[in-house]
Amino acid sequence: AMAVVADRKAGAVLLIDVANDGSYGALNFEMTDPQGKAFWTETVQAPAEGDGTMSLLIPGGGLQAGSYALTITGITAQGSRTQLDRRVLDVRFDE
């Protein structure tokens, strides 16, 4: 799991390495909370071909300590979606 230290007001910034072979124009990130409910989602333009590090701002409101799942989906120009990766985020607060 990837450790994420969050602030209750500011949330957390995730740095995610994403490999793009050029077939995806956009990437969708979806976080589900420890209960499996959708917590946050964002669709961003994919990085240029090659490896890119994406910076994602996760809101602090409603965030709780625990294990979240982050699903990364590639979206082509035609709109077809392919799950690229699924990661576990271990969220804790810096009190």
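Everything here concerns the structure above.
Residues numbered from 1 in each chain as written. Predicted model: local features only at pLDDT ≥ 70, side-chain atom pairs only at ≥ 80, totals over all residues. Heavy atoms only, no water.

K.L.:
It is not clear to me how the nonpolar core should be interpreted in this structure. Could you clarify?
P.N.:
Soluble globular proteins: nonpolar side chains tend toward being buried together. The biggest cluster of nonpolar side chains holds 22 residues, and the ones touching the most others in it are Leu 14, Ile 16, Phe 29, Met 31, Leu 63 and Leu 70. Top contributing element to this core by residue count: strand E2 (residues 12–20), with 4 residues. Setting aside residues no more than four positions away along its own chain, Leu 63 makes contact with Ala 6, Met 31, Phe 39, Ile 58, Tyr 68, Val 91 and Phe 93. (Core = buried A, V, L, I, M, F, W, Y, C linked by side-chain atoms within 4.5 Å. Buried < 20%, exposed > 50% of the residue type's maximum accessible area, 1.4 Å probe, protein only. Helix = DSSP H or I, 4+ residues; strand = E, 2+ residues; numbered from the N terminus. Contact = heavy atoms within 4.5 Å.)

K.L.:
Help me understand the pattern of salt bridges, please; the structure alone is not making it clear to me.
P.N.:
When charged atoms on two side chains of opposite charge get close, those side chains can pair. In this structure the tally under the stated criterion is 1 salt bridge. Among the salt bridges present, the one from Arg 87 reaches Asp 85, with a minimum N-O distance of 2.6 Å. By relative accessible area, Asp 85 is classed as partly exposed at 28%. (Salt bridge = Lys/Arg side-chain N within 4 Å of Asp/Glu carboxyl O.)

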